[in-house]
Every structure is written in C-alpha cells, then in structure tokens.
Amino acid sequence: MLQIHNSLTKNKEVFTPIEPGKVKLYVCGMTVYDLCHVGHARVMVVFDVVTRYLRASGYDVTYIRNITDIDDKIIARANENGEKIQDLTERFIAEMHHDADALGVIRPDQEPKATESMADIIAMIETLIIKGYAYAADNGDVYYDVSEFPSYGKLSGRQLDELRAGERVAVNEAKNDPLDFVLWKAAKPEEPAWESPWGRGRPGWHIECSAMSSRCLGQHFDIHGGGQDLQFPHHENEIAQSEGAHGCQSVNYWMHNGFVRIDDEKMSKSLGNFFTVRDVLEKYSPEVVRYFILTSHYRSPLNYSDEQLEQAKSALTRYYTALRDVNVQQSVQWQQDQDFGVRFREAMDDDFNTALALSVMADLRQAINKAQSINPERANYLAGLLVSFGHVLGLFQQNPQDFLLTGSDDLDVALIEQLIEQRNQARASKNWAKADEVRDQLNAMNIILEDNAGQTSWRRV
RNA sequence: GGCUGCGUGGCAGAGUGGUCAUGCACCGGACUGCAACUCCGUUUACGCCGGUUCGAUUCCGACCGCAGCCUCCA
C-alpha cells in the first residue's frame with residue numbers, strides 16, 4: 001500500500017486517489033531564461049520516478065508540468081541579450097527538453113505555458129474579485145487579500161501575524177496589507193502585456209499555476225509537487241487562489257523534494273553556486289547523474305560532489321558488468337516476483353524510498369552474479385528482473401556495452417581489438433612480459449581488460 | 001527573531017527499542033600466469049548530556065552543530 005509524505009499534514013499517509021485507478025499530478029516546472037542546473041534535474045528525475053512508479057503500480061497517471069515563460073527575470077534576460085522574449089523562452093524550452101531527454105525523464109502529458117493560459121488566468125482573477133478574495137489597486141495591479149482566506153499559512157505552518165513580524169516583507173503602498181500578493185501586474189512601458197479588465201498587464205507568478213492546474217486537471221486533483229523552496233509563498237498562495245476561487249480543496253497530497261547542495265549550501269542561481277546539467281553531462285553519463293540523484297531519499301538534502309558522482313559511476317559499472325555477462329530475459333514483470341519484487345515494492349511504497357530500493361537491487365545484482373555459473377536460466381531471469389526494476393527508476397535501459405564504453409567515441413576500437421588480439425596471442429604462448437606490456441599500453445588509454453571464461457572484454461575507466 | 005528539518009562507520013546513505021542495511025573505498029582469502037571481473041570474509045557507526053526502559057542509535061528533555069523557509073528560486 002503506497003504511502004506518501006504529505007507536506008500539508010507533515011505525515012506519511014496512505015495514498016488514495018480521488019478517482020480509483022487514476023492519478024492527477026501537477027509539478028511546478030521551470031522558469032525558462034537559462035539552462036537547467038542539477039537542482040532542476042532533481043525535480044525532474046524525482047517526479048519522473050514518482051510517475052513511473054505510479055504507472056507501474058497500475059495507475060493511469062496524468063502528469064502536468066508547467067512552463068513559466070513570462071516573468072521579470074525573463075524580461076530582464078531578454079533585454080540583456082537584446083533578444084526577443086519569445087526567442088529566449090523557446091530556446092531555453094528546447095534546452096530543457098534536451099537535458100530532460102538526456103536524463104531519461106519521460107515527457108509530462110502536458111506542459112502548459114503561462115503565456116498560453118491568459119484567458120484562464122484572467123477568468124480566475126475575476127472570480128477571486130467577485131468572491132471578495134482579491135481587489136484591484138489604484139496602480140492597475142490586482143492583489144490577493146490574504147486576510148480573506150482564513151487558512152492562509154496552513155501548508156507552510158505560518159500565521160499571518162508571524163509573517164507580518166518578519167522584517168523582510170517589502171512595503172508596497174498599493175497593497176492593503178504587505179502580505180497581499182500580486183495576481184496581475186500593470187504593464188510598464190516596453191514590457192509585454194495582455195489586455196485585461198484592469199488594463200494592460202501580465203500575470204503574477206502564483207496565479208499561473210492555479211489557473212493551469214485547474215484547467216488541465218480540474219479543481220480538485222491528487223498530487224502537487226515541487227521543490228521545497230516553493231512551499232512558501234508559491235504553493236501557499238496557490239492554495240489560497242485555487243481554494244478561494246473554487247470553494248473546495250484543491251490538492252490532496254503535497255510533495256516537496258529536498259535541495260541539491262554544494263558544500264552544505266543550497267545550490268541556486270542567486271547564490272551562483274550551481275552546475276548546469278550540461279556541465280555535468282560533459283563529464284558523466286546521464287545515467288550516472290540519475291543514479292546519484294536516486295541514492296538519497298527525495299526529501300533529504302543531496303550534496304553534490306565529484307566524489308559522489310564517481311561513486312555512482314562505480315556502482316553502475318558493477319550493475320552493467322553483471323548484465324553484460326548474462327542473457328537478459330525479456331519482459332519480466334517485477335510485480336510478479338515474490339522475493340525481490342516484494343522487497344522493491346515495499347521500499348517504493350514507503351514514500352518512494354529509492355535509496356532502499358537500490359539496496360534491494362544491489363542484492364539482486366549479487367544474486368545474478370552468483371547464479372551466473374551454476375544456474376544460467378535463473379541468472380537470466382534475475383537480470384530481467386533487474387532491468388524491470390530499472391525501468392521504474394529509469395536505469396539499466398541501455399545496452400551494457402554502450403554504458404561500459406561510454407565516452408569511447410574518440411577511441412580507435414579497431415586498434416584496441418587489435419591490441420587485445422596481440423595480447424591473447426602472447427598469452428597463448430605464455431609470453432607474459434609481452435602480454436602485460438600490451439595491457440599496460442591499453443591501461444594508459446584508460447581501457448580496462450577483463451579475462452572471463454576464455455573471452456577478453458574491455459571497458460572504459 | 002519566527003517556523004521547518006537534520007546530525008549514522010573513511011565517503012555516501014537506509015533503517016530499527018534487543019540478529020544483517022546497502023553502495024563506494026580499504027584490508028584478508030578464493031579465482032587468475034599476474035591482473036581485472038566475480039565470489040567469500042573482516043574491520044570502522046549511530047553529535048553531546050540527562051531521563052524512560054530489563055535494554056536506546058531508535059522514545060522524551062536540555063545542549064551543541066548544520067541546513068532551509070520567512071524576498072526571486074526546483
């Protein structure tokens with residue numbers, strides 16, 4: 001029975017979908033003005049695994065991840081670049097897809113854009129005004145009146161007066177209360193703008209998600225995800241907007257993933273301590289990055305370092321070595337396996353405990369190696385099982401040789417195989433000095449040899 | 001200051017009131033011409049101080065340390 005840690009209640013709860021067999025999932029996506037960094041990769045991978053696991057558990061999942069393609073940073077960046085806003089956002093949407101695809105992240109069912117949702121956004125703001133949750137200010141902005149929403153703060157565990165006591169709330173003359181947040185911003189000259197009942201302007205960030213989630217999934221859906229930093233104010237405001245406008249609960253389960261850190265500090269654009277996915281993929285294969293992300297629980301912080309990536313790479317190499325040496329049985333259904341399958345399910349059912357699931361897979365890998373010589377049929381089945389688990393986590397889907405030779409594009413395979421042949425001839429005539437000399441030569445090329453059952457295979461360091 | 005969360009062996013990281021996490025690395029052994037791969041085995045833990053308990057890394061309290069949110073952020 002799947003249990004999910006719900007940020008709203010701060011408890012692990014048994015997951016019960018609104019409609020049996022179906023799951024409606026919304027995740028806050030990227031603001032597209034720059035390349036994705038490893039923190040973005042984590043969100044994408046985490047909710048990719050959530051979606052894959054729900055589907056593997058038999059649910060019909062509708063997965064929505066929005067794109068914020070209009071906001072202050074986008075406007076600022078486009079101006080800096082002397083680039084049209086739409087050119088900028090389309091460019092970075094393409095880059096985002098490029099990175100996500102590389103990481104094996106399955107595309108969401110829909111990726112709604114803010115700029116294509118203006119009618120929904122405006123309609124929702126109108127509803128909020130009519131219901132008394134929002135007001136148009138003299139300056140052309142429209143604000144949400146937080147004092148009208150009694151449970152404001154329920155997600156982030158805050159009280160209005162606590163927030164007011166905070167020193168960092170910006171003073172804005174047009175607001176009735178400093179905590180009121182903007183739904184619609186009056187356009188400044190030169191800024192992109194849309195017509196609205198309150199004049200030309202553009203939407204605030206928070207209202208976009210409320211409008212897009214309710215359009216794509218309805219007023220009440222199952223799971224809403226995003227990074228921990230969005231809990232307040234973004235998701236708090238989404239609740240106020242959606243529940244204010246619709247008069248019903250909007251989300252049953254809120255899921256927030258932990259940050260990626262560098263040297264125990266949050267990785268973020270504003271701190272400037274980030275690595276882009278692009279940077280990392282120059283050095284490590286995408287699957288290594290994915291494995292690294294899944295080694296810790298999604299709610300825990302994840303410290304990024306080369307050492308960790310190297311560990312992930314070594315671990316993956318062992319899995320692929322095991323898979324290389326068997327004939328993987330096709331179409332194994334892990335759900336039917338009474339041993340490893342049950343353990344895997346228990347791990348994943350426990351709030352998507354991928355770290356624990358990986359330990360089951362490590363045991364399985366060892367079982368494959370042990371069975372390989374004494375019971376090849378069994379080994380082939382277990383390997384199929386491993387690949388079946390891997391499908392849920394987005395791992396082990398490539399040809400083992402392709403992984404083990406990753407980064408070999410620049411290598412002269414013909415030369416390598418020729419050298420291996422030379423070495424094997426030397427070995428056959430027990431010319432060990434010559435054989436070792438050739439192997440040293442290959443090692444210097446970052447090639448590692450493995451002599452197995454009369455066969456010599458090779459891989460990259 | 002307010003509100004969250006965390007502190008596990010060399011590194012990473014699950015988990016539990018009283019037998020094993022797991023991975024990477026290290027060490028010993030088997031295999032190998034020697035290696036590599038693989039297998040077997042060993043070592044290294046639960047921030048500090050109290051309390052509850054027959055027994056606490058696990059529950060409770062204080063303390064110390066760290067991170068996050070309270071402003072844009074995945």
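Residues numbered from 1 in each chain as written. Chains lettered and ligands numbered in written order. Predicted model: local features only at pLDDT ≥ 70, side-chain atom pairs only at ≥ 80, totals over all residues. Heavy atoms only, no water.

Undergrad: What am I meant to see in the overall build of chain A here?
TA: Counting its secondary structure elements, chain A contains 16 helices and 15 strands. Viewed in the frame of its principal axes, chain A has a C-alpha envelope of about 95 × 50 × 35 Å. Here chain A holds 461 residues, and 50% of them are scored as buried. Counting only contacts in chain A whose residues sit at least 6 apart along the sequence, the fraction spanning at least 24 positions is 74%. Counting every atom, chain A has about 20,900 Å² of accessible surface; 46% of that belongs to carbon and sulfur. Of the charged side chains in chain A, 47 are positive and 68 negative; the average position of the first set lies 4 Å away from that of the second. (Helix = DSSP H or I, 4+ residues; strand = E, 2+ residues; numbered from the N terminus. Buried < 20%, exposed > 50% of the residue type's maximum accessible area, 1.4 Å probe, protein only. Contact = heavy atoms within 4.5 Å. Areas by Shrake-Rupley, 256 points an atom, 1.4 Å probe, with all protein chains shown as cover. Lys, Arg positive; Asp, Glu negative; His and termini not counted. Charge placed at Lys NZ, Arg CZ, Asp CG, Glu CD.)

Undergrad: Even after reading the chapter, I still don't get the sheet that holds strand β12 (residues 265-266), so can you show me in this structure?
TA: Hydrogen bonding along the main chain pairs the strands of a sheet, whether they run parallel or antiparallel. In space, the three strands of this open sheet follow the order β12-β11-β13, with mixed pairing throughout. What marks the edges here is a single partner per strand, and that holds for β12 and β13 (302-303). Bridge analysis of strand β11 (residues 260-262) against β12 gives two bridges, and the strand direction is antiparallel. Across the sheet, residue Arg-261 finds its bridge partner in β12, namely Lys-266. (Pairing = 2+ DSSP bridges.)

Undergrad: Explain the packing of helix α4 (residues 118-130) against helix α6 (residues 205-217) here, please?
TA: Where α4 meets α6, the closest approach of the two axes is 9 Å, and the angle between their N-to-C directions is 105°. As summarised for this structure, α4 and α6 are arranged roughly perpendicular, according to the angle between their axes. Facing Asp-120, Ile-121, Met-124, Ile-125 and Leu-128 of α4, the residues of α6 in contact are Ile-207, Glu-208, Ser-210, Ala-211, Ser-214 and Arg-215. Here the residues of the contact of α4 with α6 are counted per class, giving six nonpolar, two polar and three charged. (Axes fitted to C-alpha atoms, helices over the stretch in contact; angles between N-to-C directions. Parallel < 35°, antiparallel > 145°, perpendicular 65-115°, else oblique. Nonpolar A, V, L, I, M, F, W, Y, C, P; charged D, E, K, R; others polar.)

Undergrad: What's the story with the side chain of Ser-156 in this structure? I'm lost.
TA: Turning to its location among the elements, Ser-156 is positioned in the loop between β6 (142-144) and α5 (160-165). Separated by 3.2 Å, the side chains of Ser-156 and Arg-158 make a polar contact. Excluding residues that lie within four positions of it along the chain, Ser-156 makes contacts with Gln-231, Phe-232 and Glu-236. (Polar contact = N/O pair within 3.5 Å; in protein donor to acceptor, adjacent residues only side chain to side chain.)

Undergrad: So what exactly am I meant to see when it comes to the pairing of strand β4 (residues 60-65) here?
TA: For a regular strand, side-chain orientation follows a simple rule: the groups alternate between the two sheet faces. In this structure, strand β3 (residues 22-27) lies alongside β4, joined through six bridges in parallel fashion. Its bridge partner lying in β4, Tyr-26 is registered against Ile-64. Considered for its hand, the β-α-β crossover made up of β3, helix α1 (residues 38-56) and β4 is right-handed. (Right-handed = clockwise from strand over helix to strand, strands pointing away.)

Undergrad: Quick question: what am I supposed to make of the sheet that holds strand β9 (residues 221-227) here?
TA: Read across the open sheet, the four strands follow the order β4-β3-β9-β10; overall the sheet is parallel. Of all strands in the sheet, those with a lone pairing partner are β4 and β10 (251-257), marking the two edges. Going across the sheet, the axis of each strand differs from the next one's by a mean of 20°, ignoring polarity. As paired elements, β3 and β9 share three bridges and run parallel to each other. Among the inter-strand pairings, Tyr-26 is bridged to a residue of β9, identified as His-224. Each of β9 and β10 is contacted by helix α7 (residues 231-246), which is oriented at about 165° to β10, the strand it contacts most.

Undergrad: Would you mind showing me how to read the side chain of Arg-365 here?
TA: One can find Arg-365 in helix α12 (residues 354-374). Notably, Arg-365 is buried but unbridged: the nearest opposite-charge side chain belongs to Asp-363, and the N-O separation is 7.5 Å. Those residues in contact with Arg-365 that sit more than four places away from it in its chain are Arg-318, Tyr-319 and Ala-322. (Salt bridge = Lys/Arg side-chain N within 4 Å of Asp/Glu carboxyl O.)

Undergrad: What am I meant to see in the pattern of salt bridges here?
TA: Close approach of charged atoms lets side chains of opposite charge pair. The tally for this structure, following the rule as stated, stands at 31 salt bridges. One salt bridge in this structure joins Asp-177 and Arg-164, with 2.3 Å as the shortest N-O distance. Placement of the pair is Asp-177 in the loop between α5 and β7 (181-186) and Arg-164 in helix α5, with a sequence separation of 13 residues. We classify Asp-177 as buried; its relative accessible area is 12%. Connected through salt bridges with shared partners, the residues Asp-72, Lys-185, Glu-191 and Arg-202 form a single ionic network.

Undergrad: What am I meant to see in unusual backbone geometry here?
TA: The general pattern is negative phi for most residues beyond glycine and trans for most peptide bonds. A cis geometry characterises the amide bond from Phe-232 onward to Pro-233, with omega recorded as 0°. Take Pro-233: it is sitting in helix α7. In this structure, Asp-263 is a non-glycine residue whose phi angle is positive, near 50°. Look at Asp-264: it is not a glycine, yet its phi comes out positive at around 60°. Relative to the elements of secondary structure, Asp-264 occurs in the loop between β11 and β12.

Undergrad: Looking at this structure, I do not really get the packing of aromatic side chains. What am I missing?
TA: Two aromatic rings, taken as a pair, are described by how far apart their centres are and by the angle between their planes. Inspection of every chain in the model, using the stated rule, returns 21 aromatic pairs. Here the aromatic rings of Tyr-320 and Phe-403 are separated by 4.5 Å at their centres, their planes lie at 20°, and the arrangement is stacked. Here Tyr-320 is found in helix α10 (residues 306-324), whereas its partner Phe-403 is found in helix α14 (residues 400-404), with 83 residues between them in sequence. Residues Tyr-320 and Phe-403 agree in their burial class; the two are buried. Pairing Trp-334 with Phe-389 gives two aromatic rings, centres 6.1 Å apart and planes at 50°, and the pair type is tilted. (Phe/Tyr/Trp six-rings, centres within 6.5 Å; stacked < 30°, edge-to-face > 60°.)

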